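Take a look at the letters that make up each chain.
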Amino acid sequence: MAEHCARAVPVKTAGIDVFWLKSFARQFMEDVHQACNVWLHADRLQPTQAEFNLSLRRFRQARPWLGDNLGPAERLNLLAIPSTTIFYGLRWEPHNKREGVALVAHMGGETMEIRLQELFPSHSGGWKLLLASPGLELTAAELAGDSIALSDSQALLLEPQPRFSNSISREK
C-alpha cells in the first residue's frame, strides 16, 4: 500500500500539500465505497460476525473519547515475536477515571497464550468482559488470571474492575 501511495505522488511535485492530501483521500474513499457498502455483500455475511461488528461499532459510538489521542496515563503496547503480533492497551474515560477499557488483539501469526496480569501488571483488580471475537469464550478463571489462548484476528475488550470487586461477568 505504501508503495502505491508513494507512486501516486506526481514525480514533478516538490511536496505533498493539504490540497493534494484531500484530493487523494477523496479519490481513495470513492474507490473503496463499493467495498465498504455491506449491503452489496449481504449474501456472504456471517450473522455471528455481523452481530459482533455491529456490537463493536455501538461500543465505540457510546464512547467517543476512544477516538481521542492517548492521555499520559494510557498505553497501547505491541508484543511482537517472529511468529505472532499482539496489541494491548488500557484507556480511561477523561471525565470519569473509573471507566476504563482494555484491549487485547491478536493481529496475526500463531496462537499465543496470554495472561491479563502479565499484560497489565499495574491493574490488580478483576476484569469484566465487554466484547470478545466470535468463537472466543472466556471463563471466570481466565478473566481472573489463567492463560487465554488467542488466535489470529481474535480480540477482547475488557473493563477493569476495582481491586476488591468480586464481579467477573460478561456484559450482554
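Just above, that's the structure.
Values in this document were obtained by computation on a predicted structure and should not be read as measured data.

Among the nonpolar cores identified, the biggest contains 20 residues, and Val 104, Ile 114, Leu 116, Phe 120, Leu 150, Leu 156 and Leu 158 are the most heavily contacted of them. Those elements that place two or more of their residues in this core are strand 2 (84-92), strand 3 (100-109), strand 4 (112-114), helix 4 (116-119), strand 5 (127-132), strand 6 (148-150) and strand 7 (155-160). Leave out the neighbours within four places in its chain, and Phe 120 touches Arg 75, Tyr 88, Gly 89, Leu 90, Ala 102, Leu 103, Val 104 and Trp 127. By size, the runner-up hydrophobic cluster in this structure holds eight residues, among which are Trp 65, Leu 130, Leu 131 and Leu 157.

The next subject is the side chain of His 106. Position of His 106 among the secondary structure elements: in strand 3. Here Gly 108 takes part through its backbone nitrogen, which lies 3.3 Å from a polar atom of the side chain of His 106.

Following the criterion strictly, the structure yields three salt bridges and no others. As a salt-bridge pair, Arg 91 and Glu 74 come within 3.0 Å of each other at their nearest N and O atoms. In this pair, Arg 91 sits in strand 2 while Glu 74 sits in the loop between helix 3 (47-61) and strand 1 (75-81), placing the two residues 17 residues apart along the sequence. Judged on exposure class, the residue Arg 91 and its partner Glu 74 are both buried.

What follows covers the pairing of strand 3. For strand 3, a buried count of seven out of 10 residues is recorded, marking the element as mostly surrounded by other parts of the structure. Across nine bridges, the pairing between strand 2 and strand 3 is antiparallel. The partner of Ile 86 across the bridge, within strand 3, is His 106. Pairing of strand 3 with strand 7, which is carried by four bridges, proceeds in the antiparallel orientation.

Quick look at the sheet that holds strand 3 now. As summarised here, the arrangement of the five strands in space is 1-2-3-7-5, forming an open sheet in which the pairing is antiparallel. Each of the sheet's edge strands pairs with one partner strand only, and the pair in question is strand 1 and strand 5. Each strand of the sheet is rotated relative to its neighbour by a mean of 20°, with strand direction disregarded. As defined by bridge partners, strand 5 adjoins strand 7 across five bridges and the pair is classed as antiparallel. Bridge assignment links Lys 128 to a residue of strand 7, and that residue is Glu 159. Packed onto the sheet, helix 3 meets strand 3, strand 5 and strand 7 and runs at close to 125° relative to strand 5.

A separate point is helix 2 (residues 18-36). Taking 1.5 Å per residue, 19 residues should reach 27 Å; helix 2 reaches 25 Å between its end C-alpha atoms and fits that length. By the largest-angle criterion, Glu 30 marks the main kink of helix 2, which is about 30°. Among the 19 residues in helix 2, one count as buried, and that is only a small part of the element.

Rules of the game
Residues numbered from 1 in each chain as written. Predicted model: local features only at pLDDT ≥ 70, side-chain atom pairs only at ≥ 80, totals over all residues. Heavy atoms only, no water. Core = buried A, V, L, I, M, F, W, Y, C linked by side-chain atoms within 4.5 Å. Buried < 20%, exposed > 50% of the residue type's maximum accessible area, 1.4 Å probe, protein only. Helix = DSSP H or I, 4+ residues; strand = E, 2+ residues; numbered from the N terminus. Contact = heavy atoms within 4.5 Å. Polar contact = N/O pair within 3.5 Å; in protein donor to acceptor, adjacent residues only side chain to side chain. Salt bridge = Lys/Arg side-chain N within 4 Å of Asp/Glu carboxyl O. Pairing = 2+ DSSP bridges. Axes fitted to C-alpha atoms, helices over the stretch in contact; angles between N-to-C directions. Expected span 1.5 Å × (residues − 1). Bend = angle between axes of the 7 residues up to and from the residue.

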